[in-house]
Structures are given as C-alpha cells and as structure tokens.
Amino acid sequence: MPSATDSLLSVGEVASRAGITVPALRYYEDRGLVQSQRTSGNQRRYRRTTLRRLAVVAAGQRVGLSLEQIKAALDGLPADRAPNQADWTAISRDWAGLVAERIRELEVLGESLDSCIGCGCLSLGRCSLVNPGDEAAAEGAGSRWARRARRAAGADAGADRGPGQN
C-alpha cells in the first residue's frame, strides 16, 4: 500500500508537468498561489491538486491578469481539493468582467495611438500629454495617458450599468 508521501510530487515533477520552471514554482509558492509540505529532509513536496491550481494560474496569466488577481481567485477555493468545474465557472465569470474592463482600456488607448505614443512624446505640437514644468508630477508616477484611459474606461463601464448595479 502506498504511503502518503508517495502521492506527493517533488518540485521538479510539478514544474515539469505544469510546464513551468522550478524557480517559477517556488515564486508562486512564495506569493501564496500554491502550497507545499516539507519532508523530514526539508524538501518541498506538493499534492497532485497543485497541478490544477497551476493550470488556473496559467489561464489567468494568458488573459492578462496579475498574480494578485489570480491569488484572490485561488484564495476563495478550498485548499484541500483541486478546483472543480463549478469553481472554474465562478472564477471565469469574475475574470470575464476584469477582461472586459481591460479591453475597454485598450480600446481607449488604441484610439489615441495616432496622436501620441504616451511617453513624452514624438508629437509635441499636438500631444495631449505635453507636460511643461513637470506639472503632472502631482498625479504620481506612470503614464498620464494610461491613467486617462483607465478613467475613461471606468466611466464607460459605469454608463453601461443600470440604476443600482455595480
């Protein structure tokens, strides 16, 4: 009869089966996306359910979500079993909203590409981002263009909602 440790996978086995590197697996563990157990020799061992969680991580990354957004979804799942179809349906429904919001941001940014590259810029005569005297410093680091697109996308999303809807 196999022991409990026989059903656990090594770091290398999990990385190979998930199609990621060992450092990536360790990074995901450090970020709280997956968990391991330690052997008496202090080696990491992972439950087979870790492979399913890593598949969810990969899916989230493919649609452009941050690891923080992916972790938030994984934190809502039971730690004692692999995510199932019902779990995935709930996660993907939430993620669809995030993806739609990102698409709106990109559309707003795309509409501005012909007039500015968003970095400070190649079309100073007509660029909406000209920043004489560093007046935008009070807005914080990063592209004003990207912040403007996020605000516009958020306003558009708000306009799509009916009364009382979030």
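As a starting point, this report considers the structure included with it.

Procedures and definitions
- Residues numbered from 1 in each chain as written.
- Predicted model: local features only at pLDDT ≥ 70, side-chain atom pairs only at ≥ 80, totals over all residues.
- Heavy atoms only, no water.
- Helix = DSSP H or I, 4+ residues; strand = E, 2+ residues; numbered from the N terminus.
- Buried < 20%, exposed > 50% of the residue type's maximum accessible area, 1.4 Å probe, protein only.
- Contact = heavy atoms within 4.5 Å.
- Polar contact = N/O pair within 3.5 Å; in protein donor to acceptor, adjacent residues only side chain to side chain.
- Salt bridge = Lys/Arg side-chain N within 4 Å of Asp/Glu carboxyl O.
- Pairing = 2+ DSSP bridges.

## Some thoughts on the environment of Arg 38
Mapped onto the secondary structure, Arg 38 falls in strand E2 (residues 37–38). Under the relative-accessibility criterion, Arg 38 is labelled partly exposed at 45%. If near-sequence neighbours (up to four positions away) are discounted, Arg 38 is found in contact with Gln 43 and Arg 44. Here the side chain of Arg 38 touches Asn 42 through a polar contact of 3.0 Å, landing on its backbone oxygen.

## So, the pattern of salt bridges
If charged atoms from side chains of opposite charge come close, those side chains can pair. Taken as a whole and assessed by the stated rule, the structure comprises 5 salt bridges. Here Lys 71 and Asp 75 are joined by a salt bridge, their closest N and O atoms 2.8 Å apart. Residue Lys 71 and its partner Asp 75 are located together in helix H4 (residues 67–75), separated by 4 residues, close to a single helical turn. When its relative accessible area of 48% is taken as the criterion, Asp 75 is described as partly exposed. Between Arg 102 and Glu 105 there is a salt bridge, with the nearest N and O atoms lying 2.9 Å from each other. Here the residue Arg 102 and the residue Glu 105 both occupy positions in helix H5 (residues 85–112), the gap between them amounting to 3 residues, near one helical turn. Here Arg 102 falls in the partly exposed class, since its relative accessible area comes to 39%.

## Description of the sheet that holds strand E3 (residues 44–46)
Pairing is antiparallel in the open sheet, where 3 strands are placed in the order E1-E3-E2. Edge positions in the sheet fall to strand E1 (9–10) and E2, since each of these pairs with one other strand and no more. The sheet contact formed by E2 and E3 spans 2 bridges and is antiparallel. Within E3, the residue paired with Gln 37 across the bridge is Arg 45.

## Digging into the environment of Ile 20
If you trace the backbone, Ile 20 turns up in the loop between helix H1 (11–18) and helix H2 (22–30). With a relative accessible area of 24%, Ile 20 lands in the partly exposed category. Separated by 38 residues in sequence, Ile 20 and Ala 58 have C-alpha atoms that sit 9.5 Å apart. Sequence-distant contacts of Ile 20, that is, excluding residues within four places in its chain, are made with Ala 15, Leu 25, Tyr 28 and Leu 54.

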